Amino acid sequence: MLGPASDLFEKFRSVTGSTAEVRAYRAPGRISLLGDHEEPHQGVVLAAATDQAFHITASPNSLQSIRFFSDDFPPAEPLPVHALGSYKSRQAWTDIPLGIAATLYREGIVTQGLDLLIHSSLPPAGFSSSTALSIGTAMALMGDHHIDGIELADICLKVQLDFGYSTANLAD
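Residues numbered from 1 in each chain as written. Predicted model: local features only at pLDDT ≥ 70, side-chain atom pairs only at ≥ 80, totals over all residues. Heavy atoms only, no water.

Draft legend 1. Layout of the packing of helix H3 (residues 129–142) against helix H4 (residues 149–162). Direction vectors running N to C along H3 and H4 enclose 125°, while the axes themselves pass 10 Å from each other. One way to sum up the angle between H3 and H4 is to call them oblique. Crossing geometry of H3 relative to H4 is assigned as right-handed. For the pair formed by H3 and H4, the contact residues are Ser130, Thr131, Ser134, Ile135, Ala138 and Met142 on the first element and Leu152, Cys156 and Gln160 on the second. Grouping the constituent residues of the contact of H3 with H4 by class yields 5 nonpolar, 4 polar and no charged. (Axes fitted to C-alpha atoms, helices over the stretch in contact; angles between N-to-C directions. Helix = DSSP H or I, 4+ residues; strand = E, 2+ residues; numbered from the N terminus. Parallel < 35°, antiparallel > 145°, perpendicular 65-115°, else oblique. Left-handed = near helix turned anticlockwise from the far one by under 90°. Contact = heavy atoms within 4.5 Å. Nonpolar A, V, L, I, M, F, W, Y, C, P; charged D, E, K, R; others polar.)

Shown next as structure tokens:
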């Protein structure tokens, strides 16, 4: 398990070989304390963030490709930025992150190559882990660009549902 941010940056540099500025993003998991059965009907929900989270480090690259790395999976094939507009599922661990990248590309937000290292302390299921991965990836890909929180949640939810990886809903 990685510790402080400096460990994340060191791991990022060793994996990517990047010497560019690195930014770190954190997206916590979520637990439902009350109301899961009410959520689809706009009922009352009581949820809380967990200490476990996705930690994503990101930096521009000069390759004009999106490259994802993970502690838990082999490196993914780089995807050229210009190919994001026609991205289709690869049935791979990168489907959600690349789906987010493709959507943000079509919105004119992702326009340059980026390297992203994804580290998770979340279990692979539960804790709204796919939602945390979606939000963390989107924040890393957006950098300084801002999207309204509800719009960002809608984008992330749509990607998760389009790729069939979860039964997520907007409260996630």
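Draft legend 2. Examining the pattern of salt bridges more closely. One pass over the full model with this rule turns up 4 salt bridges. Here lysine 11 ties to aspartate 71 by a salt bridge, and the two come within 3.8 Å at their closest N and O atoms. Linking lysine 11 in helix H1 (residues 5–16) with aspartate 71 in the loop between strand E3 (65–70) and strand E4 (79–80), this pair joins segments that are 60 residues apart in sequence. The exposure class assigned to lysine 11 is partly exposed, which follows from its relative accessible area of 31%. (Salt bridge = Lys/Arg side-chain N within 4 Å of Asp/Glu carboxyl O. Buried < 20%, exposed > 50% of the residue type's maximum accessible area, 1.4 Å probe, protein only.)

Draft legend 3. Broad picture of a negative patch on the surface. A grouping of Glu107, Asp148, Glu151 and Asp154 is seen on the molecular surface, where their side chains present a negatively charged patch. Looking at where glutamate 107 falls in the secondary structure, it is placed in the loop between helix H2 (95–106) and strand E5 (114–120). By relative accessible area, which is 49% here, glutamate 107 ends up partly exposed. (Patch = residues over 30% accessible without salt bridge, like charges linked within 9 Å, V, L, I, M, F, W, Y side chains within 5 Å. Areas by Shrake-Rupley, 256 points an atom, 1.4 Å probe, with all protein chains shown as cover. Lys, Arg positive; Asp, Glu negative; His and termini not counted. Charge placed at Lys NZ, Arg CZ, Asp CG, Glu CD.)

Draft legend 4. Region of the structure containing the packing of aromatic side chains. All told, the structure shown has 1 aromatic pair when counted by the stated rule. Pairing phenylalanine 73 with tryptophan 93 gives two aromatic rings, centres 5.4 Å apart and planes at 10°, and the pair type is stacked. One end of the pair, phenylalanine 73, is in the loop between E3 and E4; the other, tryptophan 93, is in the loop between E4 and H2, and 20 residues separate them in sequence. On the basis of relative accessibility, which here comes to 42%, the residue phenylalanine 73 falls in the partly exposed class. (Phe/Tyr/Trp six-rings, centres within 6.5 Å; stacked < 30°, edge-to-face > 60°.)

Draft legend 5. Inspection of the packing of H2 against H3 at higher detail. With their axes 9 Å apart at the nearest point, H2 and H3 run at an angle of 45° to one another. Between H2 and H3, the crossing angle belongs to the class labelled oblique. You can see that H2 and H3 cross each other, and the crossing is right-handed. Contact residues: Ile96, Pro97, Ile100, Ala101 and Leu104 in H2; Ser130, Leu133, Ser134, Thr137, Ala138, Leu141 and Met142 in H3. Classifying every residue of the contact of H2 with H3 gives 9 nonpolar, 3 polar and no charged.

Draft legend 6. Looking closely at the side chain of histidine 119. Secondary-structure assignment places histidine 119 in strand E5. Taking relative accessible area as the criterion, histidine 119 reaches 7% and is therefore assigned buried. Here aspartate 71 takes part through its side chain, which lies 2.2 Å from a polar atom of the side chain of histidine 119. (Polar contact = N/O pair within 3.5 Å; in protein donor to acceptor, adjacent residues only side chain to side chain.)

Draft legend 7. Seen up close, H3. Under the 1.5 Å per step criterion, the end-to-end length of H3 is 20 Å for 14 residues, consistent within 8% with the ideal 20 Å. Judged by how many residues are buried, H3 sits mostly within the fold: 12 of 14 residues are covered. Every buried residue of H3 is listed here: Ser129, Ser130, Thr131, Ala132, Leu133, Ser134, Gly136, Thr137, Ala138, Ala140, Leu141 and Met142. Glycine 143 sits one or two residues past H3 and shows a positive phi near 55°. (Expected span 1.5 Å × (residues − 1).)

Draft legend 8. Fine view of the pairing of E5. For E5, a buried count of 7 out of 7 residues is recorded, marking the element as mostly surrounded by other parts of the structure. Burial along E5 is two-sided: Leu114, Leu116, Ile118 and Ser120 and Asp115, Leu117 and His119, pointing in opposite directions, are all buried. For strand E2 (residues 46–60) and E5, the ladder comprises 7 bridges, and the chain directions are antiparallel. Looking at E5, one finds that histidine 55 is bridged to histidine 119. (Pairing = 2+ DSSP bridges.)

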